[in-house]
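Coordinate inspection notes
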Amino acid sequence: VPEVRILHTADIHLDSPGSALGLDAVRARARRDELRQTLARIVELARQRQVQLLLIAGDLWEDRYVTRETVASAAELFASLTPARVLIQPGKADPVTDTSYYTVYPWPANVHIFRGNWERLDLEEWGVTVWGAGEWPQPETDAKEGRGRRGEENDRLQIALLHGKAQAADLAKLGFDYVALGGQHQPTVVLHQGTRPVAQYAGSPEPHDWSETGARGVLVGTIGKRTLKFQLETVSQRQAVVRHLDLTGAGSVDDVIEALLEVDSPLERRKNLWRITLGGLISPSLALDLPLLADRLAGEFFFLKLADQTIPDYEFERISLEKTARGHFVRHLLAMQKKASGAVEERIRRALTLGMRAFERGAGR
Ligand SMILES: [Mn+2]
């Protein structure tokens with residue numbers, strides 16, 4: 001019974017401009033370099049672990065942005081793994097077309113690119129058959145065809161590469177020894193057989209949006225008819241970190257800067273991608289100028305994206321006693337608020353704050 005060592009990855013998105021993270025031009029360029037470095041780390045890991053197959057389940061690059069240089073550097077890395085094989089199932093961001101680099105680039109001999117649904121590749125040296133299942137979901141006939149072919153040769157290991165959203169029930173019907181999934185950026189086991197993870201997403205090895213938090217990696221393991229062991233190995237160079245920062249009591253911009261610097265150590269701040277939402281009750285005289293704050297914190301965070309959800313702490317009871325337009329406004333809304341509850345009360349509270357800001361901008365003082 002053959003066994004094969006593999007590294008399963010997907011969703012690297014080489015040359016992505018990082019728009020989902022809102023990266024500025026300088027950080028976007030830095031991240032493009034880092035994505036290429038991460039691919040180099042993945043290839044190095046494959047070499048160290050002596051894998052026979054490097055499986056890439058789609059979204060290796062972004063077709064709209066990828067350059068020939070990036071493709072050439074990937075091809076060179078892959079060639080360096082010979083005699084190991086690199087098997088690529090193109091995905092949503094990197095489809096095979098007549099003009100895509102999958103077609104026009106002279107790929108090294110150890111690289112195979114799957115071009116259709118249920119294309120099979122027999123690797124006689126290891127007794128393995130790998131199927132490029134294509135993009136999911138597919139017409140049911142395709143699924144049936146794949147299942148039928150799979151059943152022909154049970155003495156061989158049967159592995160499939162699949163990009164898209166696949167259901168456990170459909171995958172179970174196909175009966176593969178392993179399905180390397182791509183297209184979902186969160187590492188997830190979709191189908192178990194006992195404790196064996198028969199079909200799983202490796203997840204993105206670097207974060208591409210703010211939902212992709214924490215350390216990220218690739219799956220390294222052994223596939224056999226009875227054995228199926230994997231480890232998620234971290235390869236990400238930076239993490240996306242999402243925080244909410246309560247600024248209640250902050251009276252000055254310096255207070256805000258100090259609180260922001262305390263979110264983590266200088267090392268972590270300068271290493272990671274941060275999205276921080278500012279909240280809490282703050283002094284109405286404290287105007288939060290987000291671009292100015294980001295400017296003052298330049299160099300303290302690798303990348304910092306701020307959002308303002310603070311609530312100005314107006315003294316509504318005192319203002320309600322004023323014989324002014326805003327006093328009248330606040331008096332009425334406070335009376336309404338006392339009778340309201342739940343979502344309505346929340347809306348009135350927001351109307352009070354928005355109203356006060358409008359008055360500050362020029363009306364009725
Ligand atoms: Mn993707």
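The notes below deal with the structure included here. (Residues numbered from 1 in each chain as written. Predicted model: local features only at pLDDT ≥ 70, side-chain atom pairs only at ≥ 80, totals over all residues. Heavy atoms only, no water.)

1. A look at the coordination of the manganese ion
The protein atoms that coordinate the manganese ion are Asp 11 (OD), His 13 (NE2), Asp 59 (OD) and His 185 (NE2), at distances of 2.1 to 2.3 Å. Counting gaps between the donor residues of the manganese ion yields the pattern D-x1-H-x45-D-x125-H. For Asp 11, a relative accessible area of 0% gives the class buried. With a relative accessible area of 7%, His 13 lands in the buried category. (Donors = N, O, S within 2.8 Å, 3.2 Å for Na, K, Ca; no water. Buried < 20%, exposed > 50% of the residue type's maximum accessible area, 1.4 Å probe, protein only.)

2. Thoughts on helix 1 (residues 25-48)
When the terminal C-alpha atoms of helix 1 are compared, their 35 Å separation across 24 residues agrees well with the 34 Å that a helix rising 1.5 Å per residue should span. Within helix 1, burial applies to Ala 28, Arg 31, Glu 34, Leu 35, Thr 38, Leu 39, Ile 42, Val 43, Leu 45 and Ala 46. In this fold, the buried residues of helix 1 make contact with strand 1 (3-9), strand 2 (53-56), helix 2 (68-79), strand 11 (217-224), strand 12 (228-234) and strand 14 (273-279). (Helix = DSSP H or I, 4+ residues; strand = E, 2+ residues; numbered from the N terminus. Expected span 1.5 Å × (residues − 1). Contact = heavy atoms within 4.5 Å.)

3. Topic: the pairing of strand 14
Among the 7 residues in strand 14, 6 count as buried, and that is most of the element. Of the strand pairs in this sheet, strand 13 (residues 240-246) and strand 14 are connected by 7 bridges, and their pairing is parallel. Paired with Arg 243 across the strands is Ile 276, a residue of strand 14. Pairing of strand 14 with strand 16 (residues 303-308), which is carried by 6 bridges, proceeds in the parallel orientation. Along strand 16, the bridge assignment pairs Trp 274 with Leu 304. (Pairing = 2+ DSSP bridges.)

4. Some thoughts on the pattern of salt bridges
Applying the stated criterion across every chain, the model contains 21 salt bridges. The salt bridge partner of Arg 47 is Glu 44, with a shortest N-O separation of 3.2 Å. Taken together, the residues Arg 47 and Glu 44, both in helix 1 and 3 residues apart, mark about one turn of the helix. Exposure remark for Glu 44: the relative accessible area of 33% places this residue in the partly exposed category. For the salt bridge of Arg 120 with Asp 122, the shortest nitrogen-to-oxygen distance reads 2.8 Å. Judged by relative accessible area, which is 28%, Arg 120 ranks as partly exposed. Owing to a relative accessible area of 33%, Asp 122 belongs among the partly exposed residues under this scheme. Connected through salt bridges with shared partners, the residues Asp 15, Arg 32, Asp 33 and Arg 36 form a single ionic network. (Salt bridge = Lys/Arg side-chain N within 4 Å of Asp/Glu carboxyl O.)

5. As for the side chain of Glu 62
Summarising the element assignment, Glu 62 is placed in the loop between strand 2 and helix 2. For the buried Glu 62, no salt bridge exists, and the shortest N-O distance to an oppositely charged side chain is 7.0 Å, to Arg 64. Excluding residues that lie within four positions of it along the chain, Glu 62 makes contacts with His 13, Leu 14, Ser 16, Pro 17 and Ala 93. (Lys, Arg positive; Asp, Glu negative; His and termini not counted.)

6. A look at the packing of aromatic side chains
Going through the model one piece at a time under the given rule, you end up with 12 aromatic pairs. Between Trp 274 and Phe 301, the aromatic rings sit 5.9 Å apart at their centres with planes inclined by 80°, giving edge-to-face as the arrangement. Separated by 27 residues along the polypeptide, Trp 274 in strand 14 and Phe 301 in the loop between helix 8 (290-296) and strand 16 bring together distant segments of the chain. Comparing Trp 274 with Phe 301, the two get one shared label, buried. (Phe/Tyr/Trp six-rings, centres within 6.5 Å; stacked < 30°, edge-to-face > 60°.)

7. What about the nonpolar core?
Counting residues in each nonpolar core, the largest one holds 37 residues, and the members touching the most others are Leu 53, Val 130, Ile 159, Leu 171, Tyr 178 and Ile 223. For Val 130, the contacting residues outside a window of four places in its chain are Leu 53, Leu 87, Phe 114, Glu 119, Arg 120, Leu 121, Leu 123, Ile 159 and Leu 161. Core analysis: the next-biggest nonpolar cluster, separate from the first, contains 32 residues, Ala 75, Leu 81, Tyr 105 and Val 220 among them. (Core = buried A, V, L, I, M, F, W, Y, C linked by side-chain atoms within 4.5 Å.)

8. Brief notes about the packing of helix 10 (residues 325-339) against helix 11 (residues 342-360)
One can describe the packing of helix 10 onto helix 11 by two numbers: an axis separation of 10 Å at closest approach and a directional angle of 175°. Judged on the interaxial angle alone, helix 11 and helix 10 are roughly antiparallel. Counting all contacts with helix 10, which are made through Ala 325, Arg 326, Phe 329, Val 330, Leu 333, Leu 334, Met 336 and Gln 337, the residues of helix 11 involved are Glu 345, Ile 348, Arg 349, Ala 351, Leu 352, Gly 355, Met 356 and Phe 359. Split into classes, the residues belonging to the contact of helix 10 with helix 11 amount to 11 nonpolar, 2 polar and 3 charged. (Axes fitted to C-alpha atoms, helices over the stretch in contact; angles between N-to-C directions. Parallel < 35°, antiparallel > 145°, perpendicular 65-115°, else oblique. Nonpolar A, V, L, I, M, F, W, Y, C, P; charged D, E, K, R; others polar.)

9. Overview of the sheet that holds strand 3 (residues 85-88)
Each strand in a sheet pairs with another by means of backbone hydrogen bonds, the pair being arranged parallel or else antiparallel. Strand order in the open sheet formed by 6 strands is 4-3-2-1-11-12, and the pairing between neighbours is mixed. Bordering the open sheet on either side are strand 4 (111-113) and strand 12, each of which pairs with just one other strand. Within this sheet the neighbouring strands show an average axis-to-axis angle of 20°, counted without direction. Where strand 3 meets strand 4, 3 bridges bridge the pair, whose relative direction is parallel. Bridge pairing in strand 4 places Ile 88 opposite Ile 113.

10. Details of the sheet that holds strand 6 (residues 128-136)
Pairing within the open sheet is mixed, and its 6 strands lie in the order 5-6-7-8-10-9. Where the open sheet ends on each side, the last strands, each with one partner, are strand 5 (119-123) and strand 9 (188-193). Across the sheet, the mean angle from the axis of one strand to that of its neighbour is 20°, orientation sign disregarded. Where strand 5 lies against strand 6, 5 bridges are found, and the strand directions are antiparallel. Of the residues in strand 6, the one forming a bridge with Asp 122 is Thr 129.

11. What about the environment of Gly 280?
Tracing the backbone shows Gly 280 in the loop between strand 14 and strand 15 (281-282). For the pair Gly 280 and Thr 195, spaced 85 residues apart in sequence, the C-alpha to C-alpha distance is 45 Å.

Functional significance is not addressed by these values, which are geometric in nature.
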